[in-house]
Amino acid sequence: MATKALEMESLVGAGEDFEAEPFLAEEEVLTDSKFYNASTSAEPILPIALPPKGRFRRYARWTVFGVYRRIFLSIFIINIWQGHRILTMKRRSKYSPLLVDISTAASANMLLAILMRQDYIINLIFKICWFVPFWAPLRLRRSLAKIYEYGGLHSGAAVCSVLWFTLLAAILTWEFVTIRIADPLIILWSFVVVGVLWTMLITAYPTFRASRHNTFENIHRFGGWAVLAIFWPELWLFTRALGHQAGPASPGAVLTKLPAFWLLMASCFHVALPWMRLRRLKIKPERLGVGVHAIRIHLSEKVPNCVVYRIADTPLKEWHSFACIPERDGNGGSLIVSNAGDWTRRTINNPKKWYYTRGIPTVGVLCMAQLFRKVIIVTTGSGIGPCLGTMMNIPATRCRVLWSAPEPRHTFGDEICDRVLEVDPEAVVINTHAVGRKDLVALAYKLYVEEGAEAIFCVSNKALSKHLVYEMESRGIPAFGPIWDS
């Protein structure tokens with residue numbers, strides 16, 4: 001049933017960020033004559049039949065045990081092994097070292113979860129992968145290109161951190177009940193921390209996060225700050241309790257000798273670092289097409305290549321990420337915002353003169369296209385914005401473009417469309433108002449075979465992106481697309 005549901009996902013309505021392009025069993029696809037350079041009477045592009053799926057790949061590797069879940073499971077297994085070692089270790093003292101080790105494990109997992117959402121760390125991981133040359137085995141490059149699923153590290157470490165803190169609170173409670181710890185404040189603070197952590201964990205579940213993303217974002221942000229703030233007095237109470245229990249010379253009785261102290265300090269620094277670069281971006285809006293569909297926001301600051309900006313009306317409310325298209329002269333860039341919800345609709349109707357951003361721009365999934373000699377880029381609607389921002393800056397990689405959009409020139413303007421042709425003079429552009437929505441999976445596979453490409457990248461709505469990547473990967477074809485894990 002799970003597999004069947006995955007196959008049908010693309011039949012649903014529009015996704016979160018880009019215009020939907022459902023998977024339809026059409027027999028013929030026409031290109032927009034304005035984009036097809038061969039002639040104004042170019043022959044129709046016909047999809048070809050897809051090869052059969054492998055059974056093992058279909059039912060296991062690309063459904064239950066995807067890369068994200070494999071990373072998550074690896075972190076979980078490492079923590080189970082470490083937990084067994086901590087709980088079964090022979091100790092001189094029955095209590096203090098055990099509590100110290102558990103607090104260290106909880107803090108270490110919390111730090112790892114925070115690092116996997118830190119701008120500098122994310123960019124560093126991606127840029128290390130970029131050093132892999134074209135002559136490296138395709139299997140290696142294909143595996144490294146999946147680095148964008150690093151979210152499995154974040155979620156795995158976060159879940160384990162909650163479990164470690166829960167275990168610590170349970171042992172402290174037992175110590176209090178057996179009158180080995182007399183201070184009720186440490187029990188109170190421990191229950192508060194555990195309560196906030198479990199609230200964050202439950203609201204981060206994908207179903208809740210997708211349906212109430214703003215609530216998830218607020219709880220995650222303010223709950224995380226609250227935990228870090230509360231953990232400081234709890235840590236002081238913790239060392240005081242250990243000093244009373246096992247003596248002032250026992251492990252953990254001195255705050256600065258407690259590993260959790262330094263781990264907590266590092267966690268606070270990495271959480272605060274992006275906010276130290278909180279600033280306002282002055283923008284110049286440019287309306288695209290007619291009606292409430294999309295707007296192009298021009299930035300005045302210098303923009304790196306292949307990056308994503310996070311912007312917001314106010315710093316403490318919802319943040320939205322958009323890939324940036326650098327200007328030709330290297331000064332400034334632009335973001336394309338399409339109508340995908342309340343915030344984007346407000347931005348299109350009433351753009352502000354400035355927006356907030358924080359940290360540094362981060363790289364994303366599409367930048368991994370530079371690991372391959374030739375790729376197929378599949379996108380719909382305003383997804384062309386993120387694609388252009390990358391394709392224009394990876395000259396060593398040959399990009400073939402498959403773009404489906406309603407009235408592309410009318411909707412997105414001549415400049416955007418001309419840049420598409422600069423990247424790929426033979427770009428396949430489907431005008432959905434003229435010929436309807438087509439089978440992009442079959443068309444992408446046709447281009448992949450004809451061009452001898454090494455991989456396919458899809459930047460579209462959630463349903464189509466997941467569907468196309470699954471259809472290709474289950475047939476052994478390297479395919480990549482956003483995973484919406486944040």
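Note that this is a predicted model, so its numbers are computed, not measured.

1. Comments concerning the overall build of the chain
Each helix and strand in the chain was counted, giving 17 helices and 11 strands. For the chain, long-range pairs separated by at least 24 residues make up 73% of all intrachain contacts whose partners lie at least 6 apart in sequence. Within the structure as shown, the chain displays about 22,400 Å² of accessible surface, and the carbon and sulfur contribution to it stands at 62%.

2. Let's talk about the pattern of salt bridges
Note on pairing: side chains with opposite charge can pair once their charged atoms come close. Within the structure shown, the criterion is met by 21 salt bridges. A salt bridge links Glu301 to Arg279; the shortest N-O distance between them is 3.3 Å. In this pair, Glu301 sits in the loop between strand E2 (294–299) and strand E3 (308–311) while Arg279 sits in strand E1 (residues 279–288), placing the two residues 22 residues apart along the sequence. Take Glu301: its relative accessible area is 22%, and that puts it in the partly exposed class. As a salt-bridge pair, Arg475 and Glu471 come within 2.6 Å of each other at their nearest N and O atoms.

3. Comments concerning the sheet that holds strand E8 (residues 398–405)
If you trace the five strands from one edge of the open sheet to the other, you get E9-E8-E7-E10-E11, paired in parallel fashion. Each end of this open sheet is capped by a strand with a single partner; those strands are strand E9 (428–431) and strand E11 (479–480). Bridging between strand E7 (residues 374–380) and strand E10 (residues 455–459) involves five bridges; their strand directions are parallel. By the bridge assignment, Ile376 is partnered in E10 with Ile456. With respect to the sheet, helix H16 (residues 440–451) is in contact with E7, E8, E9 and E10, its orientation differing from that of E7 by roughly 160 degrees. In the packing of helix H17 (residues 462–473) onto the sheet, the strands contacted are E7, E10 and E11, and the crossing angle to E10 comes to about 165 degrees.

4. A short note on the confidence of the model for the chain
The pLDDT averaged across the chain works out to 82; a share of 84% of its residues lies at or above 70. In this model residues 1–44 is a low-confidence stretch, pLDDT under 50, and it forms 109 contacts with partners more than four residues away in sequence or in other chains.

5. Comments concerning the side chain of Arg209
Considering the arrangement of structural elements, one finds Arg209 in helix H9 (residues 206–211). Take Arg209: its relative accessible area is 14%, and that puts it in the buried class. Of the polar contacts made by the side chain of Arg209, one reaches the backbone oxygen of Ala204; its length is 3.4 Å. Apart from the residues within four sequence positions on either side, Arg209 is in contact with Thr203, Ala204, Phe216, Trp484 and Asp485.

6. Structural notes on the packing of aromatic side chains
One pass over the full model with this rule turns up 16 aromatic pairs. Note on Phe72 and Phe76: the rings are 6.3 Å apart at their centroids and 10 degrees apart in plane angle, and the pair reads as stacked. Taken together, the residues span about one helical turn, with Phe72 and Phe76 both in helix H3 (residues 67–88) at a distance of four residues. Here Phe76 falls in the partly exposed class, since its relative accessible area comes to 27%. Summarising the aromatic geometry, the rings of Trp403 and Phe412 are spaced 5.5 Å apart at their centres and angled 55 degrees between planes, so their arrangement reads as tilted. Exposure class is identical for Trp403 and Phe412. Each is buried. The structure contains a cluster of three or more aromatic residues connected by ring pairs, namely Tyr148, Phe372, Phe457 and Phe480. Directly above the ring of Phe216 sits Arg209, whose terminal nitrogen or CZ lies 5.8 Å from the centroid.

7. What to know about helix H11 (residues 259–276)
Here H11 contains 18 residues, and its C-alpha end-to-end distance of 26 Å stays within 8% of the 26 Å for a straight helix at 1.5 Å per residue. Inspection of H11 places Ala260, Phe261, Leu263, Leu264, Ser267, His270, Leu273 and Pro274 among the buried residues, and these make up the whole buried set.

8. As for the nonpolar core
Core analysis: the biggest nonpolar cluster contains 59 residues, and Leu299, Trp403 and Phe457 have the highest contact counts within it. It is helix H14 (residues 408–423) that provides the largest number of residues to this core, a total of five residues. Residues in contact with Phe457, not counting those within four places in the same chain, are Val365, Leu366, Met368, Ala369, Phe372, Val375, Ile376, Ile377, Val378 and Phe480. With 35 residues, the next largest nonpolar core counts Val100, Ile171, Val227 and Leu264 among its residues.

9. Focus: the sheet that holds strand E4 (residues 320–326)
If you trace the six strands from one edge of the open sheet to the other, you get E3-E4-E5-E2-E1-E6, paired in antiparallel fashion. The open sheet is flanked by E3 and strand E6 (354–357), the only strands paired with a single partner. The sheet shows a mean angle of 40 degrees between the axes of neighbouring strands, taken without regard to direction. Direction of pairing for E3 relative to E4: antiparallel, over a ladder of four bridges. Its bridge partner being in E4, Val308 is matched across the sheet by Ala323. Along the sheet, helix H13 (residues 384–391) makes contact with E4 and strand E5 (333–338), crossing E4 at roughly 45 degrees.

10. Looking at the pairing of E10
Burial within E10 is extensive, with five of its five residues counted as buried. Burial of E10 is two-sided: the residues Ala455, Phe457 and Val459 facing one way and the residues Ile456 and Cys458 facing the other way are all buried. Read from E10 through H17 to E11, the crossover connection turns out right-handed.

11. Overview of the packing of H3 against helix H7 (residues 151–177)
Contact pair H3 / H7: the axes reach a minimum separation of 7 Å and the direction vectors enclose 30 degrees. Judged on the interaxial angle alone, H7 and H3 are roughly parallel. Viewed along their axes, H3 and H7 form a crossing whose handedness is right-handed. Facing H3, whose interface residues are Tyr68, Ile71, Phe72, Ile75, Phe76, Asn79, Gly83 and Ile86, H7 presents Gly151, Gly152, Leu153, Ser155, Gly156, Ala157, Val159, Cys160, Leu163 and Trp164. Looking at the contact of H3 with H7 residue by residue, the classes come out as 12 nonpolar, six polar and no charged.

12. Comments concerning a nonpolar patch on the surface
Among the surface-exposed residues, Val64, Phe65, Leu73 and Ile77 lie close enough to one another that they form a single nonpolar patch of about 350 Å² accessible area. Within the element layout of this structure, Phe65 appears in the loop between helix H2 (55–61) and H3. On the accessibility criterion, Phe65 (43% relative accessible area) is partly exposed.

Criteria and thresholds
Residues numbered from 1 in each chain as written. Predicted model: local features only at pLDDT ≥ 70, side-chain atom pairs only at ≥ 80, totals over all residues. Heavy atoms only, no water. Helix = DSSP H or I, 4+ residues; strand = E, 2+ residues; numbered from the N terminus. Contact = heavy atoms within 4.5 Å. Areas by Shrake-Rupley, 256 points an atom, 1.4 Å probe, with all protein chains shown as cover. Salt bridge = Lys/Arg side-chain N within 4 Å of Asp/Glu carboxyl O. Buried < 20%, exposed > 50% of the residue type's maximum accessible area, 1.4 Å probe, protein only. Pairing = 2+ DSSP bridges. Axes fitted to C-alpha atoms, helices over the stretch in contact; angles between N-to-C directions. pLDDT = per-residue confidence, 0-100. Polar contact = N/O pair within 3.5 Å; in protein donor to acceptor, adjacent residues only side chain to side chain. Phe/Tyr/Trp six-rings, centres within 6.5 Å; stacked < 30°, edge-to-face > 60°. Lys NZ or Arg CZ within 6 Å of the ring centre and 35° of its normal. Expected span 1.5 Å × (residues − 1). Core = buried A, V, L, I, M, F, W, Y, C linked by side-chain atoms within 4.5 Å. Right-handed = clockwise from strand over helix to strand, strands pointing away. Parallel < 35°, antiparallel > 145°, perpendicular 65-115°, else oblique. Left-handed = near helix turned anticlockwise from the far one by under 90°. Nonpolar A, V, L, I, M, F, W, Y, C, P; charged D, E, K, R; others polar. Patch = residues over 30% accessible without salt bridge, like charges linked within 9 Å, V, L, I, M, F, W, Y side chains within 5 Å.

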